[in-house]
Amino acid sequence: MKAHAITDRIYALHADIDTADLFEGIWPIPHGVSLNSYLVKGEKVALIDLVRDWAGAPEALEAEIAQAGLFLDKIDYLILNHLEPDHTGWLAEYKRRNPKVEIISTAKGIELVKSFYKITEGLRAVKSGDILDLGGGMVLRFEEAPNVHWPETMVTYEPESGVLFACDAFGGYGKLGDRVFDDQFSAEEHAFFEKESLRYYANIVSSFGLFVKRAVQKLSALDIKVVAPSHGIVWRKNPKEIIERYVKYANYMDGPQEKEICVVWGSMYGNTKKGLDAVIAGIEEEGVPYSIHRVPNEDASFVLADAYKSAGIVVAMPTYEYKMFPPMAYILSLFERKHVWNRKAFRLGSWGWVGGAKKEYDELVAPLKWDSLESEEWAGGPDEAKLEALREKGRELARRVKSA
Ligand code: FEO
């Protein structure tokens with residue numbers, strides 16, 4: 001990893017995190033994630049966003065700052081767009097290494113600096129429209145962007161170059177390696193990063209879709225030439241691509257979504273799966289693309305990514321101890337939390353001794369505003385009549401998705 005010049009005075013720095021740890025303690029990152037920071041040189045020097053002491057990130061940051069001709073203790077300002085510890089976990093140690101650095105964030109961010117890291121001096125709170133003059137014609141302007149990703153978040157803008165330091169907005173999972181700019185990656189690599197940006201959005205940002213839309217609207221007044229997020233690719237050739245992609249993601253919340261179906265299923269002994277196979281046959285007859293995820297075998301992170309973009313949802317699970325198959329209850333609670341709203345949906349499942357899944361399911365999906373077909377349940381294994389009814393439900397759901 002190395003420092004990449006965005007201009008002759010602005011550098012992109014990043015640490016690739018390669019770990020079995022879960023992001024936020026929840027989400028798997030099998031392809032890693034980058035923690036991006038930025039160095040801005042005027043007569044004074046600002047570092048925008050820090051790192052967590054995670055998989056060698058502080059060492060990578062220090063080495064890249066040296067490549068840009070500087071040292072950690074020669075930085076005058078540390079700008080914290082966002083206080084989540086993936087960007088600030090190393091703050092107490094950094095402050096010890098550079099005690100004269102002035103830390104700049106929103107008022108809420110400064111409060112978090114105090115509560116997380118017990119730092120009480122050398123703090124400056126800023127608000128929308130405030131500027132920091134680094135001298136030599138280099139000026140940074142701050143814009144609050146609350147809840148993209150937490151309430152204290154802001155973005156930083158450098159008007160001369162048009163670089164927007166966007167923090168979590170416009171970010172994605174995936175290690176970058178020795179390249180950081182959009183024009184350095186092939187179409188195939190972009191397809192990979194697009195998938196990982198959707199998964200990142202669905203996992204991390206989707207609860208805040210309304211705020212994403214508001215922030216994009218607010219930032220549209222700026223002449224953005226480079227989008228420099230705190231995770232993932234730096235967009236200098238086509239910054240509009242990632243901005244428009246995020247708007248599309250934010251709109252998935254209420255629709256329109258992709259004309260696809262996300263099938264989520266769990267089965268104890270195969271009877272629900274037999275019924276599901278008939279539903280899938282019906283979907284295939286109508287030619288609607290679908291993704292399929294078995295829970296709990298597959299992690300919720302991947303289920304969410306496909307569910308979040310799909311106009312149709314199939315939920316297949318048996319009754320378990322008078323209620324739903326428990327892993328599905330977790331998935332549905334995430335759908336509620338992550339705003340998987342306004343879908344065409346269908347539920348099916350078997351029961352052995354007694355039913356009970358329906359009541360819990362209906363309660364969990366009530367806030368989701370789903371347009372649902374009548375559920376199908378059966379005792380034990382599905383008979384031929386049930387299988388034909390299930391096939392027709394698959395066809396009907398697919399037709400509804402096509403016309404959505
Ligand atoms: Fe990348 Fe919300 O922190």
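Here goes a summary of the coordinates provided. This one's a predicted model, so the numbers in the text were calculated from it and none came from an experiment.

1. Topic: the overall build of the protein
Within the protein, the regular secondary structure consists of 12 helices and 22 strands. In terms of overall dimensions, the protein is globule-like: its C-alpha atoms have a radius of gyration of 24 Å, near the 22 Å expected for 404 residues. The principal-axis extents of the C-alpha atoms in the protein amount to approximately 80 × 40 × 35 Å. Side-chain charges in the protein split into 50 positive and 61 negative, and the spacing between the mean points of these groups amounts to 2 Å.

2. Topic: the pairing of strand E8 (residues 102-106)
The buried fraction of E8 is high, at four of five residues. As defined by bridge partners, strand E7 (residues 77-79) adjoins E8 across three bridges and the pair is classed as parallel. By the bridge assignment for E8, Leu-78 is matched with Ile-103. Note that E8 and strand E9 (residues 123-126) share four bridges and pair parallel. Paired with Ile-103 across the bridge in E9 is Leu-123. The β-α-β motif built from E8, the intervening helix H4 (residues 107-117) and the parallel element E9 has right-handed crossover chirality.

3. Side note on the sheet that holds E7
Strand order in the open sheet formed by seven strands is E1-E2-E5-E6-E7-E8-E9, with mixed pairing between adjacent strands. Each edge of the open sheet carries a strand with a single partner, namely strand E1 (4-5) and E9. Two elements, strand E6 (residues 45-48) and E7, share three bridges in a ladder whose sense is parallel. Residue pairing across strands places Ala-46 opposite Tyr-77, the latter belonging to E7. Along the sheet, H4 makes contact with E8 and E9, crossing E8 at roughly 125 degrees.

4. A closer look at the sheet that holds strand E13 (residues 163-167)
The five strands lie next to each other as E10-E11-E12-E13-E14, forming an open sheet whose pairing is mixed. Only two strands of the sheet have a single neighbouring strand rather than two, namely strand E10 (131-135) and strand E14 (226-229). Each adjacent strand pair in this sheet contributes to an overall mean axis angle of 20 degrees, direction not counted.

5. Some remarks on a nonpolar patch on the surface
Judged by side-chain polarity, Tyr-322, Trp-353 and Val-354 come together as a nonpolar surface patch covering roughly 460 Å² of accessible area. On the secondary structure map, Trp-353 appears in the loop between strand E20 (344-351) and helix H11 (357-365).

6. Looking at the environment of Glu-143
Locating Glu-143 in the fold gives a position in strand E11 (residues 138-144). Spatially, the C-alpha atoms of Glu-143 and Asp-130 are 7.8 Å apart, while their sequence positions differ by 13 residues.

7. Some words on the pattern of salt bridges
Taken as a whole, this structure holds 33 salt bridges when the rule is applied. Salt-bridge contacts for Arg-391 lead to Glu-388; the nearest nitrogen and oxygen are separated by 3.0 Å. Within this pair, Arg-391 and its partner Glu-388 are both found in helix H12 (residues 384-402), separated by three residues, close to a single helical turn. For Glu-392, the salt bridge is made with Arg-399, and the minimal N-O distance between the two is 2.6 Å. You can call Glu-392 partly exposed: its relative accessible area is 31%.

8. Focus on empty space enclosed by the protein
Overall, the coordinates contain two cavities of 30 Å³ or more when judged by the stated rule. Approximately 80 Å³ is the volume attributed to the largest cavity. Lining the largest cavity are Phe-170, Gly-171, Gly-172, Tyr-173, Phe-193, Ser-197, His-231, Gly-232, Ile-233, Trp-235, Ile-242 and Arg-245. Secondary structure elements with two or more residues in the lining of the largest cavity: helix H5 (187-205) and helix H7 (239-252). Taken as a whole, the second largest cavity encloses approximately 50 Å³ of empty space. Along the walls of the second largest cavity sit Ala-145, Val-148, Val-155, Ala-166, Ala-169, Phe-170, Val-212, Ala-215, Val-216 and Leu-219, which together make up its complete lining. With four residues, helix H6 (residues 209-219) is the single largest residue contributor to the lining of the second largest cavity.

9. Examining the nonpolar core
Core analysis: the largest hydrophobic core is formed by 120 residues, its most contacted members being Phe-170, Phe-335 and Trp-370. With seven residues, the single largest contributor to this core is H5. Shared between two domains, this core holds at least three residues of each, these being domain 1 (4-251) and domain 2 (260-399). With near-sequence residues (within four places) excluded, Phe-335 lies in contact with Val-264, Val-303, Leu-304, Ala-307, Ile-313, Val-340, Leu-368 and Trp-370. In this structure, Leu-276, Val-314, Phe-346 and Trp-378 belong to the second largest nonpolar core, which totals 21 residues.

Criteria and thresholds
- Residues numbered from 1 in each chain as written.
- Predicted model: local features only at pLDDT ≥ 70, side-chain atom pairs only at ≥ 80, totals over all residues.
- Heavy atoms only, no water.
- Helix = DSSP H or I, 4+ residues; strand = E, 2+ residues; numbered from the N terminus.
- Rg over C-alpha atoms; globule rule 2.2 N^0.38 Å.
- Lys, Arg positive; Asp, Glu negative; His and termini not counted.
- Charge placed at Lys NZ, Arg CZ, Asp CG, Glu CD.
- Buried < 20%, exposed > 50% of the residue type's maximum accessible area, 1.4 Å probe, protein only.
- Pairing = 2+ DSSP bridges.
- Right-handed = clockwise from strand over helix to strand, strands pointing away.
- Contact = heavy atoms within 4.5 Å.
- Axes fitted to C-alpha atoms, helices over the stretch in contact; angles between N-to-C directions.
- Patch = residues over 30% accessible without salt bridge, like charges linked within 9 Å, V, L, I, M, F, W, Y side chains within 5 Å.
- Areas by Shrake-Rupley, 256 points an atom, 1.4 Å probe, with all protein chains shown as cover.
- Salt bridge = Lys/Arg side-chain N within 4 Å of Asp/Glu carboxyl O.
- 1 Å grid on protein atoms, 1.4 Å probe; cavity = no way out; pocket = protein on both sides within 12 Å on 5 of 7 lines; lining within 4 Å.
- Points joined across faces, edges and corners; volume = space filled by probe spheres on them.
- Core = buried A, V, L, I, M, F, W, Y, C linked by side-chain atoms within 4.5 Å.
- Domains from an automatic or database assignment.

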